[in-house]
Amino acid sequence: MIEAEHLRKRFNSTLAVDDVGFHIPRGEIFGLLGPNAAGKTTTMRMLCGLIAPDDGTVRIDGKPVQKAKSCFGYVAQSFGQYEELSVIENLRFYASMYGVHDAERLDALLERYALSAYRNKRAGTLSGGTKRRLALACALSHDPDVLFLDEPTAGIDPVTRKQLWDDFYTLAAAGKTLFVTTHYMEEAQRCRRIAILDHGQMIAEGAPAAIKSELGEVRVFAVRVDYDPALTAAAENHPGIRLVNQFGSELRLMTMPEMGREAVDALVAPFAPDAAVYETEPNLEDVFMALTQERR
Ligand SMILES: Nc1ncnc2c1ncn2[C@@H]1O[C@H](COP(=O)(O)OP(=O)(O)OP(=O)(O)O)[C@@H](O)[C@H]1O
């Protein structure tokens, strides 16, 4: 449904996107993950035809992107609706841009995205979650096959985020293709496939579970210990450790395969003699941090 090949975009001295491509079939939710300034938004804007690539091609449903605009909807990172207009006025406006004047369809969208109660409220007065639902309803007003969502749940609480994701799954199950950029591991984990972008380059692509194999042979140990700067420094300076990451009361250590349990115990003991240490599987955050930090 989305075919992008060898995309490249430069802004003055910054090579924002460097030879990026992917093929995304109908009905898939594809996530583009990367740190700040990795090139996610620039990639998405090229996919939508909002900016032209310096190199490379984009086809949506087999058509060049400029001829496929009615096939997709775009939800920008920042609220793109008119704050002074009411919810229904915004929806009518977006629908009319695509030649849709079907009042029943718009009422159904308000109902579907729990917006009926806010029908005549000014968009600027809505909560963050309700604004996201309005943006989604506007992007879907012409019933597109593809939806581009730029950080769709940034700044949204976990309950509202889950509700939005339930909506995304419903759309994918109905055959829509969703392309999502995100910083959140939990969100990336929900995608069928993801690509990790760093400094404009794709450094990994695949199903979230499969992408862990990009790390090669590593072991991950979790130490039940509160943050201790001395232990963290010792771990960071240890030649057998690839990644050190504190999560609340758990210190995660990604080690080279030859560094085993005894060596981790020996490292931790002088700082936290009673701390429980156990071996675990790498999670997506471990993969993301290791791949992006090592490039730095
Ligand atoms: N219009 C522009 N003019 C100049 N530089 C730009 C422009 N748009 C993006 N860039 C640069 O291109 C690089 C990639 O930016 P982009 O916004 O695509 O990254 P991102 O991964 O979406 O980041 P974030 O997660 O912070 O939104 C950055 O260095 C940014 O400063």
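Residues numbered from 1 in each chain as written. Predicted model: local features only at pLDDT ≥ 70, side-chain atom pairs only at ≥ 80, totals over all residues.

With an unreviewed UniProt entry as reference, the protein is termed ABC transporter ATP-binding protein, source organism Sulfurimonas diazotrophicus. Turning to the protein, the UniProt record has this under Sequence similarities (unreviewed entry): "Belongs to the ABC transporter superfamily." (UniProt positions renumbered as here; feature names shortened; annotations may be inferred.)

> Tell me about the overall build of the protein, and please be specific about residues and values.
In terms of regular secondary structure, the protein is built from nine helices and 14 strands. Principal-axis analysis of the C-alpha atoms places the extent of the protein at approximately 70 × 45 × 35 Å. Looking at the protein as a whole, 38% of its 296 residues are labelled buried. Considering only contacts in the protein between residues 6 or more positions apart, those separated by 24 or more positions represent 70%. (Helix = DSSP H or I, 4+ residues; strand = E, 2+ residues; numbered from the N terminus. Buried ≥ 20, exposed ≤ 12 C-beta atoms within 10 Å, placed from the backbone. Contact = placed C-beta atoms within 7 Å.)

> Please give an account of the site of the ligand that cites residues and values.
Taken together, Phe11, Thr14, Ala16, Gly34, Asn36, Ala37, Ala38, Gly39, Lys40, Thr41 and Thr42 make up all the residues around the ligand. Looking at the shell around the ligand, the elements that each hand over two or more residues are β2 (14-24) and α1 (40-47). With three residues, the top contributor of residues to the shell around the ligand is α1. Of the residues assigned to the shell around the ligand, the class counts are four nonpolar, six polar and one charged. (Near = placed C-beta within 6 Å. Nonpolar A, V, L, I, M, F, W, Y, C, P; charged D, E, K, R; others polar.)

> An account of the UniProt feature "domain: ABC transporter" (unreviewed entry) in the protein is needed here, citing residue identities and associated values.
Annotation from UniProt places "domain: ABC transporter" (unreviewed entry) at residues 2-224. In residues 2-224, the share of helix is 28% and the share of strand is 30%. The end C-alpha atoms are 44 Å apart.

> Give a description of helix α4 (residues 128-139) that names residues and reports values.
Relative to the 16 Å expected for 12 residues at 1.5 Å per residue, α4 spans 17 Å between its end C-alpha atoms, a close match to the ideal helical length. By the burial criterion, the buried members of α4 are Arg132, Arg133, Leu134, Ala135, Leu136, Ala137, Cys138 and Ala139. The inward-facing, buried residues of α4 contact β6 (72-75), α2 (87-97), α3 (103-112), β7 (146-150) and α5 (158-173). (Expected span 1.5 Å × (residues − 1).)

> How would you explain the environment of Gly27 if you had to name every residue and give the values?
Looking at where Gly27 falls in the secondary structure, it is placed in the loop between β2 and β3 (29-33). Sequence separation of Gly27 and Val287 is 260 residues, and the distance between their C-alpha atoms is 26 Å.

> Run through the nonpolar core, naming residues and quoting values.
Generally speaking, soluble globular proteins have nonpolar side chains that are buried together. Leu47, Leu91, Ala137, Phe148 and Phe179 are the most contacted members of the largest nonpolar core, which totals 77 residues. By residue number, the principal contributor to this core is α4, which donates six residues. In this structure, Phe148 is in contact with Met44, Leu47, Cys48, Phe72, Tyr74, Val75 and Phe179, ignoring residues within four places of it in sequence. (Core = buried A, V, L, I, M, F, W, Y, C linked by C-beta atoms within 7 Å.)

> I'd like to hear about the packing of α2 against α4, residue by residue, with values.
Between α2 and α4, the shortest axis-to-axis distance is 9 Å and the interhelical angle comes to 30 degrees. Judged by the inter-axis angle, α2 sits roughly parallel to α4. The crossing of α2 and α4 is right-handed. In this structure, α2 contributes Val87, Asn90, Leu91 and Tyr94 to the contact, and α4 contributes Leu134, Ala137 and Cys138. Classifying every residue of the contact of α2 with α4 by side-chain character gives six nonpolar, one polar and no charged. (Axes fitted to C-alpha atoms, helices over the stretch in contact; angles between N-to-C directions. Parallel < 35°, antiparallel > 145°, perpendicular 65-115°, else oblique. Left-handed = near helix turned anticlockwise from the far one by under 90°.)

> Which residues make up the sheet that holds strand β10 (residues 201-206), and what values do they have?
Strand order in the open sheet made by the six strands is β6-β7-β8-β3-β9-β10, with mixed pairing throughout. Looking along the sheet, the strands with just one partner apiece sit at the ends: β6 and β10. Neighbour-to-neighbour, the strand axes of the sheet open up by a mean angle of 15 degrees, direction not taken into account. Here five bridges tie β3 to strand β8 (residues 177-182), and the two strands are oriented parallel to one another. By the bridge assignment for β8, Ile29 is matched with Leu178. Together, β3, β7, β8 and β9 (193-198) form the strand contacts of α1, whose direction differs from that of β8 by roughly 155 degrees. Against the sheet, α4 engages β6 and β7, with an angle of about 160 degrees to β6. (Pairing = 2+ DSSP bridges.)

> So what's going on with the confidence of the model for the protein? Residues and values would help.
When pLDDT is averaged along the protein, the result is 91, and 99% of the positions lie at 70 or above. Within the protein, strand β1 (residues 2-11) carries the highest mean pLDDT (97), whereas helix α9 (residues 284-295) carries the lowest (81). (pLDDT = per-residue confidence, 0-100.)

> Lay out the pairing of β10 in plain terms, naming residues and giving numbers.
Where β9 and β10 come together, five bridges link them in antiparallel fashion. In the sheet register, Ile196 faces β10, and the bridge partner there is Ala204. In sequence, β9 turns back onto β10 through a hairpin of two residues, with His199 there showing a positive phi of about 50 degrees.

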